[in-house]
Structure formats: structure tokens, C-alpha cells
Amino acid sequence: MRAVQIVDLTGPGSALAQVELPEPEPTHMLTPGSGVVIDVHAAGVSFPEVLQTRGEYQLKPPLPFVPGSEVAGVVRSAPDGSRLSEGDRVAAGCLLGAFAEVAVAPEFLTFPLSDELDYAQGSGLVLNYHTAYFSLKLRGRLVEGETVLVHGAAGGVGTAAIQVAKGLGARTIGVVSSDDKERVAREAGADDVVRSDGAWKDEAKELSGGGVDVVVDPVGGDRFTDSLRSLREEGRVVVIGFTGGSIPEVRVNRLLLNNTEVVGAGWGAFAMNKPQVNREIGAEVNRLVDEGFVRPIVGARFPLERAGEALALIDARGATGKIVLDIR
Ligand SMILES: NC(=O)c1ccc[n+]([C@@H]2O[C@H](COP(=O)([O-])OP(=O)(O)OC[C@H]3O[C@@H](n4cnc5c(N)ncnc54)[C@H](OP(=O)(O)O)[C@@H]3O)[C@@H](O)[C@H]2O)c1
């Protein structure tokens, strides 16, 4: 099969090579001896793959390896007793191995793909939408009627967080850095959009009538203190990532004085050894697809052999929505 591997740790421009590899056996590292074999139609590209080309992500397989954490495609084979069958359209999280014509995913991370979504959209459904649901509902304890501020609102996690928050009955305010990204955040369904280089904290407080309930933060960096200041009493900042480059530090007296919280949300670390949690989140995400709230936004598509360009686009802060590799 055709595949793309990370062969060294020199960064997105040079670390990838296109190769021919034997097709994988029906076994996955999370479920040894068992796995769903998928003919990949589209592979999702994400920030972690950029980090992996530099050896900077927590998952560091020995070189060379096929990166790519999620796919959409057609089931070629499923384990005995599985709720999936050959020929089913699916979206799946595979952790590694997505940048290839055939990939293997654990059964508990493989979900029926609605006819409402094409394969490119399906390849953006697991990592970002499961993270968004986990972060907002399970960690952020979002309830209907609350207001959510989303940083990086035109990005993969950001657009997903806007749509999931809307589906959970929240009002959403997106924070973005450009006109183009403002358009994408609005397309995702943000009720309001504010600029990261403007007075976004004050605008968010005004728009929410005194402070937001939840901040979804995949960016980190120097805006973190203003995220805390944008909360109302009992508000929560949910920490998801650090695309801004630096890991913020919190002066915890702020939490005490304002009765607020900082909550960590590491979806992978939490969910990977809990099959039932994944099934429940998958069912909720598919419910939000059926209800019309979840429609992944595909910002750019590349053929497999141009995977390096896809990673470079994310690295240069140029990505919007989901970046996808078309494999078939
Ligand atoms: N915790 C979890 O379970 C989990 C799960 C999935 C992903 N993540 C993490 O979440 C983060 C976001 O992932 P993503 O797929 O949404 O990425 P993405 O699509 O590239 O979006 C990230 C956003 O960050 C903003 N940003 C601010 N400063 C930036 C900088 N210096 N360089 C690049 N972007 C910058 C950009 O928005 P503006 O230009 O509008 O500021 C960009 O749209 C990553 O760190 C990823 O590893 C965490």
C-alpha cells in the first residue's frame, strides 16, 4: 500500500517520505490481536503530527513510522461480535497509521459515519469533536444556557468546540486573529467573534453580560490571565493545548478571589483505556451530527504525497477547520 512515514525529526518540510509498505494486520496497539481494518478514503491532519516531525509530541514511536491519528473510510474487516461489518462507512481514531491506504483502529474508536457527512468531513470527526465534547461536557460541566468563549475558534478544535457547545445549548464567542478566520468561526456557528489582538476580554464580558461560564483554550500563552479575567463567578477555563507556544502559569489567588476554576482536559490520556467512555462520546457526537449541529469544516485538502505541505500549513498558523489528505 502507499503510505507516508516520518523518517527523521527535521520538521514538516523535510521529515516525511512516501513509501510502499505491506498492508497492516488486523491488530491495534490498544487492542492487541484485534482491530477494525479500514480502506482509508480520507485522513485527518492535526497539530500533533506537526509536533511529531520534530519529536516534540508525547507519543514518540521509533522511526520510521506512519503518522496520522484519524481516518474516514470503509470497513474491510471487523472483529468477531463487533457492531461493525464489512462495507460500513466509518470515522475512526487510529492514533497512528492514518497516512496510508489501509489503517487499523480499535473497535471502540470506530463509529458509523452519517450519510450527511462526506469522507473528508468524517476524517475530522474523532480527534476534534471527541475532544470538544469531553472538554465541554465531561470536564467543563457545560449546561444549557451558559456562554462559552473559544480560543483558536477557526482551528480544528476551535470549530468543533463551537459546534458542540451550540449543540449542548450554549451561546458561543469565538476568538480569532484575522478576517479569514473570523469568517470560518462564523461559518462554524459562533454567535459572536472577537479579535485576539483587540480588547477581546472586555468585549466577551460585555457580550456575556458580566463574564463567560466556560473558556475553551487550545492556545495557552500570554492570553491565559485574561481568560481567567473573562470568567464570571464559578466559571471554568478548560486547558486543551498550547499552540501559542508557551505554557501559562496561574497565580492561584485569582481563583480564590473570583471563585473560578482551571480544568485540564487531556482527551487521549483519559479516554484511551476506557472503551465505554469512547462509545458514549461517539454516540453523543453522532447524535449532534443527526441533529445538524456537527458539520466538520474542511479548510484544505491535499493528496497523500503532499502531506508535508499539509503539515507546513498548520505549522505556519495558516490552517482553518480540518486539514485533510485525500487517499482514495
Ligand atoms: N487536550 C486534548 O485532548 C487535545 C486534543 C486534540 C488537540 N489538542 C491540542 O489542541 C491544540 C489545537 O489543535 P488544533 O488541531 O485545533 O490546531 P489548529 O487547527 O492549528 O488551531 C490552533 C489555533 O491556535 C491559534 N494560535 C495562536 N497562536 C498560534 C501559534 N503561534 N501557532 C499556531 N497557532 C496559533 C490559531 O488561531 P488564531 O490564529 O486565530 O489565534 C489556530 O487557529 C493543539 O495544541 C493540539 O495538540 C489537544
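The numbering scheme is per chain: residues are counted from 1 as the chain's sequence reads. Only residues with pLDDT of at least 70 are given local features in this predicted model, and only at 80 or more are side-chain atom pairs given and counted; all residues enter the totals for whole chains, interfaces and linings. In computing side-chain values, all of the structure's heavy atoms are included and hydrogens and water are not.

Q: Explain unusual backbone geometry here, please?
A: Negative phi characterises most residues that are not glycine, and trans characterises most peptide bonds. Note that the residue after L63, namely P64, is joined by a cis bond; omega there is -10°. By secondary structure assignment, the location of P64 is in the loop between helix 1 (47-52) and strand 4 (70-77). In this model, L95 sits at a positive phi of 70°, which is unusual for a non-glycine residue. Numbering of helices and strands starts at the N terminus; helices are DSSP runs of H or I of at least 4 residues and strands are runs of E of at least 2. Within the element layout of this structure, L95 appears in the loop between strand 5 (89-93) and strand 6 (102-105). Unusually for a residue other than glycine, R317 sits at a positive phi of about 70°.

Q: Where do I start with the site of the ligand in this structure?
A: Here a residue is near a molecule or strand as soon as one of its heavy atoms is found within 4 Å of it. Contacts to the ligand come from 23 residues, most closely from V157, S177, K181, A265 and W267. The definition of a polar contact used here is a pair of N or O atoms within 3.5 Å, where within protein one atom must be able to donate a hydrogen and the other to accept one, and adjacent residues in sequence count solely through side-chain atom pairs. The side chain of K181 places a nitrogen or oxygen atom 2.7 Å from an oxygen atom of the ligand. The protein chains shown are the only cover counted for residues, whose accessible areas, like all others here, come from Shrake-Rupley with a 1.4 Å probe. Burial of the ligand by the protein amounts to 88% of the accessible area it has alone, namely 920 Å². Of all the secondary structure elements, the ones that give two or more residues to the shell around the ligand are helix 3 (127-139) and helix 4 (156-167). A per-class count over the shell around the ligand returns 11 nonpolar, nine polar and three charged. As a working rule, the residues Ala, Val, Leu, Ile, Met, Phe, Trp, Tyr, Cys and Pro are called nonpolar, Asp, Glu, Lys and Arg charged, and the rest polar, with Gly in that last group.

Q: Quick question: what am I supposed to make of the packing of helix 4 against helix 5 (residues 179-188) here?
A: For helices, the axis comes from a line fit to the C-alpha atoms of the stretch in contact; other axes are also lines fit to C-alpha atoms, and the angle between any two N-to-C directions lies between 0 and 180 degrees. The interhelical angle for the contact between helix 4 and helix 5, taken along N-to-C directions, is 30°, at an axis separation of 9 Å. In terms of orientation, helix 4 and helix 5 fall into the roughly parallel class. Once helix 4 is placed against helix 5, the crossing between them reads as right-handed. Mapping the contact onto sequence places T159, I162 and Q163 in helix 4 and V184, A185 and A188 in helix 5. Here the residues of the contact of helix 4 with helix 5 sort into four nonpolar, two polar and no charged. Orientation is classified from the angle alone, with under 35 degrees giving roughly parallel, over 145 giving roughly antiparallel, 65 to 115 giving roughly perpendicular, and any other angle giving oblique. Note on convention: near helix rotated counterclockwise from far helix by under a right angle means a left-handed crossing. Clockwise means right-handed. By the convention used here, residues are in contact when the closest approach between their heavy atoms is within 4.5 Å.

Q: Would you explain the side chain of S208 in this entry?
A: Considering the arrangement of structural elements, one finds S208 in the loop between helix 6 (200-207) and strand 11 (212-217). Each residue's exposure class comes from its accessible area (1.4 Å probe, protein chains only) as a fraction of the maximum for that residue type: buried when under 20%, exposed when over 50%, partly exposed otherwise. The exposure class of S208 is buried, given its relative accessible area of 17%. Polar contacts involving the side chain of S208 include one to the main-chain carbonyl oxygen of K205, which spans 3.3 Å.

Q: What's the story with the sheet that holds strand 11 in this structure? I'm lost.
A: Two orientations exist for strands paired in a sheet by backbone hydrogen bonds: parallel and antiparallel. Between any two strands, at least two bridges found by DSSP are needed for them to pair. Spatial ordering of the open sheet is given by 10-9-8-11-12-13, a layout of six strands whose pairing is parallel. The open sheet has two edge strands, strand 10 (192-195) and strand 13 (261-264), and neither has a second partner. On average, adjacent strands in this sheet sit at an angle of 20° to one another, irrespective of strand direction. Bridge count between strand 9 (residues 171-176) and strand 10: four bridges; the pairing is parallel. The partner of V176 across the bridge, within strand 10, is R195. The strands touched by helix 4 within the sheet are strand 8 (147-150), strand 9 and strand 11, with strand 8 carrying the most contacts at an inclination of about 175°. Of the strands in this sheet, strand 8, strand 9, strand 10 and strand 11 touch helix 6, which is tilted by about 160° from strand 10.

Q: Please clarify how the side chain of T53 should be interpreted in this entry.
A: Residue position: T53 is located in the loop between helix 1 and strand 4. When sequence neighbours within four positions are dropped, the list of residues in contact with T53 reads I6, D8, L9, T10, G11, P12, A15, L16 and L311.

Q: So what exactly am I meant to see when it comes to the packing of aromatic side chains here?
A: We describe a pair of aromatic rings using the distance from one ring centre to the other and the angle between the two ring planes. Note on aromatic contacts: the rings of Phe and Tyr and the six-membered ring of Trp form a pair at centre separations within 6.5 Å, being stacked when their planes are under 30 degrees apart, edge-to-face when over 60 apart, and tilted otherwise. Overall, the coordinates contain one aromatic pair when judged by the stated rule. Aromatic pair F134 and F270: ring centres 5.0 Å apart, planes at 40°, arrangement tilted. Taken as a pair, F134 in helix 3 and F270 in helix 9 (residues 267-271) lie far apart in primary sequence, 136 residues in all. Taking the ring centre of Y119 as reference, the NZ or CZ of R89 above it sits at 4.8 Å. Definition used: whenever NZ (Lys) or CZ (Arg) falls within 6 Å of the ring centre and also within 35 degrees of the ring normal, the charge is taken to sit over that ring.

Q: Sorry, what's going on with the nonpolar core here?
A: Generally speaking, a soluble globular protein has its nonpolar side chains buried in company with each other. Ranked by internal contacts, the top residues of the largest apolar core, which has 47 residues, are L125, L136, L142, V148, V164 and W267. Counting residues per element, the ones that place at least two in this core are helix 3, strand 8, helix 4, helix 5, strand 11, helix 9 and helix 10 (275-290). Looking at which element gives the most residues to this core, the answer is helix 3, with six residues. Not counting the four nearest positions on each side in its chain, V148 is found in contact with L136, L142, A165, A170, R171, T172, I173, V214 and V216. Residues I6, V36, C94 and A307 belong to the second largest nonpolar core, which totals 40 residues. Buried Ala, Val, Leu, Ile, Met, Phe, Trp, Tyr and Cys residues that are joined via side-chain atoms within 4.5 Å together make up what is termed a nonpolar core.

Q: Honestly, the packing of helix 3 against helix 10 in this entry has me stumped. Any pointers?
A: Packed helices, taken two at a time, are described by their axes: the angle between them and the distance between them. In the contact formed by helix 3 and helix 10, the axes pass within 10 Å of each other and the chain directions differ by 100°. Relative to helix 10, the element helix 3 lies roughly perpendicular. Here helix 3 contributes Y129, H130, Y133, F134 and L138 to the contact with helix 10, which in turn contributes V277, N278, I281, G282, E284 and V285. Looking at the contact of helix 3 with helix 10 residue by residue, the class counts come to seven nonpolar, three polar and one charged.

Keep in mind that these numbers describe shape and distance, not what the molecule does.
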